[in-house]
Amino acid sequence: MIQITVLEDNRKLIGQGLQFYVKIEARIRTGIVEVLVNQIKNRNMVRKYVRMQQNDQRHNNDGDNRKSDIVSVKASVDYQDSDERSCF
């Protein structure tokens, strides 16, 4: 991602201290950065897609449970109707 080249370096003794001078050239390869950003975006998209699938599956299961409840209620109503008809 980052390529650093040292162009010049100097060290000087000044009084009782040291002075350092370093001249560098730094190059950032944006292609690699773009690839990494795309990978992060793809991970986020995958997470969102998985969450959507889980929500969809949960909603489908809820709908199936409600359908079975409706069928059981209809069955019990039909049974009661047939008993009432036989009584008359």
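Keep in mind the model is a prediction, meaning the values are calculated, not measured.

Points about the overall build of the chain
Helix and strand content of the chain: one helix and two strands. Going from N to C terminus, the chain has its helices and strands arranged as β-β-α. The buried share among the 88 residues of the chain stands at 0%. Entry remark: accessible area of the chain is about 8,500 Å², with carbon and sulfur atoms responsible for 54%.

Focus: the pairing of strand 1 (residues 2–14)
Pairing between strand 1 and strand 2 (residues 17–28): twelve bridges, direction antiparallel. Directly across from Leu 13, in strand 2, lies its bridge partner Leu 18. Here strand 1 hands over to strand 2 after two residues, with Gly 15 in that stretch at a positive phi of 60°.

Brief notes about the pattern of salt bridges
Summed over the entire model, instances satisfying the criterion amount to one salt bridge. Note that Arg 27 and Glu 25 form a salt bridge whose closest N and O atoms lie 3.2 Å from each other. Given the relative accessible area of 30%, Glu 25 is considered partly exposed.

Details of the environment of Met 1
Within the secondary structure, Met 1 is located in the segment before strand 1. Judged by its relative accessible area of 47%, Met 1 is partly exposed. Along the backbone, Met 1 and Leu 36 are 35 residues apart, and their C-alpha atoms lie at a distance of 10.0 Å. Not counting residues within four places of it along the chain, the set of residues in contact with Met 1 comprises Arg 27, Ile 28, Arg 29, Ile 32, Val 33 and Leu 36.

What about the confidence of the model for the chain?
Averaged over all residues, the pLDDT of the chain equals 77, while 70% of them reach at least 70. The secondary-structure element of the chain with the lowest mean pLDDT is helix 1 (residues 30–87), recorded at 71, while strand 2 shows the highest, at 91.

Thresholds, definitions, all that
- Residues numbered from 1 in each chain as written.
- Predicted model: local features only at pLDDT ≥ 70, side-chain atom pairs only at ≥ 80, totals over all residues.
- Heavy atoms only, no water.
- Helix = DSSP H or I, 4+ residues; strand = E, 2+ residues; numbered from the N terminus.
- Buried < 20%, exposed > 50% of the residue type's maximum accessible area, 1.4 Å probe, protein only.
- Areas by Shrake-Rupley, 256 points an atom, 1.4 Å probe, with all protein chains shown as cover.
- Pairing = 2+ DSSP bridges.
- Salt bridge = Lys/Arg side-chain N within 4 Å of Asp/Glu carboxyl O.
- Contact = heavy atoms within 4.5 Å.
- pLDDT = per-residue confidence, 0-100.

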